[in-house]
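Remarks on the overall topology
Below are the chains, spelled out letter by letter.
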Amino acid sequence: MEEEKDDRFFQIMSNRIVDNTVREFGELMISSLTEDHDTYTAKLNDFSVQIVHYGWSISFVLKALTNFTEIIYEKMDDVENLDEGNFQSYREILNNWIIPLNHSIVDAYSVVWEKTVSLQKIALQELSASLIPVFEKISVMPLVGTIDTERAKLIMENLLQGVVKHRAEVVLLDITGVPVVDTMVAHHIIQAADAVRLVGAKCMLVGIRPEIAQTIVTLGINLNDFTTTSTLQKGVEQALALTNRAIVEVEA
Amino acid sequence: MNLRSSVDIITEWDIVAARQLGRNEAKDVGFGTVDQARITTAISELARNIYLYAGKGKIEIRQITDGNLKGLLVIASDKGPGIADVRKVMEDGYTTSGGLGAGLPGVKRLMDDFKIETVLGEGTTISASKLLR
Ligand SMILES: Nc1ncnc2c1ncn2[C@@H]1O[C@H](COP(=O)(O)OP(=O)(O)O)[C@@H](O)[C@H]1O
Ligand SMILES: [Mg+2]
């Protein structure tokens with residue numbers, strides 16, 4: 001393994017872990033020769049999972065395996081004098097061991113990656129788009145983060161369901177937390193507002209930062225059909241006015 | 001000075017990576033928040049067009065100088081279907097995908113300089129730059 005030596009790697013990994021791995025690797029090699037297929041496969045999978053757990057990069061591990069295979073061929077040539085006759089059978093033995101090993105390692109990595117991605121997707125969905133009733137007839141949907149096609153759909157669904165459920169008359173879409181408003185995001189917002197109108201409520205766009213306002217205008221997107229405000233607070237005030245209410249100070 | 005970096009556009013999330021890179025480069029050059037938003041949005045439009053119409057391609061970002069002025073050059077290139085009528089796609093509202101059709105004309109207005117090279121069946125390269133004034 002030291003062949004592909006990455007200095008940082010050996011600084012981070014303790015000698016104990018490196019020694020352990022080397023020993024387990026050796027045991028695995030012996031297991032492939034002496035034990036039955038199922039036992040070997042089980043040990044192999046444990047080994048791969050362990051490697052992934054250490055956090056080594058997959059390219060490092062695969063390079064190490066390739067180098068190791070090359071060294072074995074060299075050594076076999078030294079010791080056994082490979083020739084046409086025996087080469088085939090040695091190669092078969094080696095392949096039976098090294099190919100499943102490669103596959104198992106790649107599988108172990110991709111399982112972890114797939115799991116990470118799907119967990120992050122769930123985390124993102126949980127963050128996305130819930131409609132919060134703040135006053136009677138008034139609800140707010142705070143949007144935070146990047147809006148991709150999938151999230152846009154979710155926003156639309158939650159918005160329409162929420163409007164009906166909370167009997168909202170005014171909905172405030174708060175885009176304070178949306179980093180980029182390009183034509184796709186604008187398009188989704190416009191469609192959402194149209195849909196809200198169809199179920200009998202009014203949609204306001206709030207939290208438009210100055211730089212976003214300028215970009216929207218430069219893009220040539222027409223938001224004239226919208227009531228827009230720079231802050232959520234102003235939006236709530238206007239929404240109250242629309243529903244014939246106001247927040248007033250009372251004397252103590 | 002000719003620092004360059006690029007992002008391959010293959011999935012929808014690469015669009016986010018491209019504009020993140022653009023924002024960082026724009027900050028690095030010294031652009032203010034409004035210009036950062038303009039540049040980031042322009043990159044978002046170009047990257048999404050690659051994703052939608054060409055399937056895959058690349059966004060390259062270079063820091064440039066013009067006389068005493070520093071700036072940023074964005075190059076969006078793909079080997080997609082190309083654009084048949086360049087004049088048409090530069091019209092506000094022209095879209096073949098049911099979008100807003102404001103992307104390309106918008107990018108032209110967001111940036112200082114804008115150029116399309118396209119060959120039907122071979123691909124499209126769009127360069128757009130902005131100088132820091
Ligand atoms: N990279 C590209 N390759 C091929 N066609 C493109 C490309 N970029 C844009 N187009 C075409 O130009 C049209 C206008 O693009 P754009 O102004 O971004 O609006 P929209 O994406 O909303 O349709 C698109 O509908 C598409 O037909
Ligand atoms: Mg577009």
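These notes cover the structure that comes with them. Counting of residues starts from 1 at the beginning of each chain's written sequence and follows it residue by residue. Labels are handed out in written order, letters beginning with A for the chains and numbers beginning with 1 for the ligands. Restriction of local features to residues with pLDDT of at least 70 applies here, the model being predicted, together with a cutoff of 80 or more for giving and counting side-chain atom pairs; totals for whole chains, interfaces and linings are based on all residues. For the side-chain quantities, the full set of heavy atoms in the structure was used; hydrogens and water were omitted.

Some words on the interface of chain B and chain A
Each side of the interface is counted separately: chain B has 23 residues, and chain A has 20 residues. Across the interface of chain B and chain A, roughly 1800 Å² is buried in total on both sides, 60% from carbon and sulfur atoms. A pairing counts as a salt bridge when a side-chain nitrogen of Lys or Arg comes within 4 Å of a carboxyl oxygen of Asp or Glu. Inspection of the region where chain B meets chain A yields one salt bridge. Measuring nitrogen to oxygen at the nearest pair gives 4.0 Å for the salt bridge that ties B:R19 to A:D182. Any N or O atom pair separated by 3.5 Å or less is treated as a polar contact, with the protein-specific requirement of one donor-capable and one acceptor-capable atom, and with residues adjacent in sequence counted only for side-chain atom pairs. Inspection of the chain B/chain A interface yields seven residue pairs in polar contact (both at pLDDT 80 or more). Starting at the N terminus, helices and strands are each numbered in turn, a helix being any DSSP run of H or I of at least four residues and a strand any DSSP run of E of at least two. Contributing elements (two or more residues each) for the side of chain B that touches chain A: helix 1 (12–29), helix 2 (33–54) and helix 4 (103–110) of chain B. Per-class residue counts for the side of chain B that touches chain A are seven nonpolar, eight polar and eight charged. Should any heavy atoms of two residues lie within 4.5 Å, those residues are counted as being in contact. Buried area is understood as the total, over both parts, of accessible area removed when two parts are fitted together, assessed with a 1.4 Å probe. Side-chain classes follow a simple rule in which Ala, Val, Leu, Ile, Met, Phe, Trp, Tyr, Cys and Pro form the nonpolar group, Asp, Glu, Lys and Arg form the charged group, and the remainder, Gly included, forms the polar group.

Some points on helix 2 of chain B
All names here are of chain B. Relative to the 32 Å expected for 22 residues at 1.5 Å per residue, helix 2 spans 31 Å between its end C-alpha atoms, a close match to the ideal helical length. Most of helix 2 is tucked away: 16 of the 22 residues are buried. Among the residues trailing helix 2, G55 stands out with phi positive, at a value near 85°. Under the convention used throughout, the expected extent of a helix is 1.5 Å for every residue step, that is, one less than its residue count. Buried residues are those whose accessible area, probed at 1.4 Å on protein chains only, stays under 20% of the maximum for their type, while exposed residues exceed 50% and partly exposed ones sit between those limits.

Observations regarding helix 5 (residues 84–127) of chain A
Residue and element names in this part refer to chain A. For helix 5, built from 44 residues, the straight-helix expectation of 64 Å at 1.5 Å per residue is met to within 8% by its first-to-last C-alpha distance of 63 Å. The reported bend at a residue is simply the angle between two axes, fitted to the 7 residues ending at it and to the 7 residues beginning with it. Of all the bends found along helix 5, the most pronounced is centred on N95 and spans about 30°. Considered for burial, the residues of helix 5 that qualify are N86, L94, W97, I98, L101, S104, I105, A108 and Y109. Of the surrounding secondary structure, the elements contacted by the buried residues of helix 5 are helix 2 (15–34), helix 3 (37–54) and helix 4 (58–80). Once helix 5 finishes, A129 follows within two positions and takes phi at roughly 45°, a positive value.

Focus on the pairing of strand 3 (residues 69–78) of chain B
Here strand 3 of chain B lies mainly inside the structure; seven of its ten residues are buried. Two strands are counted as paired when DSSP detects at least two bridges linking them. Between strand 2 (residues 57–66) of chain B and strand 3 of chain B, which pair antiparallel one after the other, the connecting turn spans two residues, and B:G67 there sits at a positive phi close to 65°.

Considering unusual backbone geometry
All names here are of chain A. Here K137, not a glycine, exhibits a phi torsion of approximately 75°, which is positive. The phi angle at R167 is positive, at roughly 50°, despite the residue not being glycine. With respect to the secondary-structure elements, R167 resides in the loop between helix 6 (149–165) and strand 3 (170–177). By relative accessible area, which is 69% here, R167 ends up exposed.

As for the nonpolar core
Ranked by size, the top nonpolar core spans 62 residues in total, and within it A:L143 and B:I59 carry the most contacts. Looking at which element gives the most residues to this core, the answer is helix 7 (residues 183–198) of chain A, with eight residues. In this structure, B:I59 is in contact with B:S5, B:S6, B:V7, B:I9, B:A18, B:I43, B:L46, B:A47, B:I50, B:V74, B:I75 and B:A76, ignoring residues within four places of it in sequence. Ranked by size, the runner-up nonpolar core spans 24 residues in total, among them A:L28, A:Y40, A:I58 and A:Y109. Each nonpolar core is a collection of buried residues, namely Ala, Val, Leu, Ile, Met, Phe, Trp, Tyr and Cys, held together in the definition by side-chain atoms within 4.5 Å.

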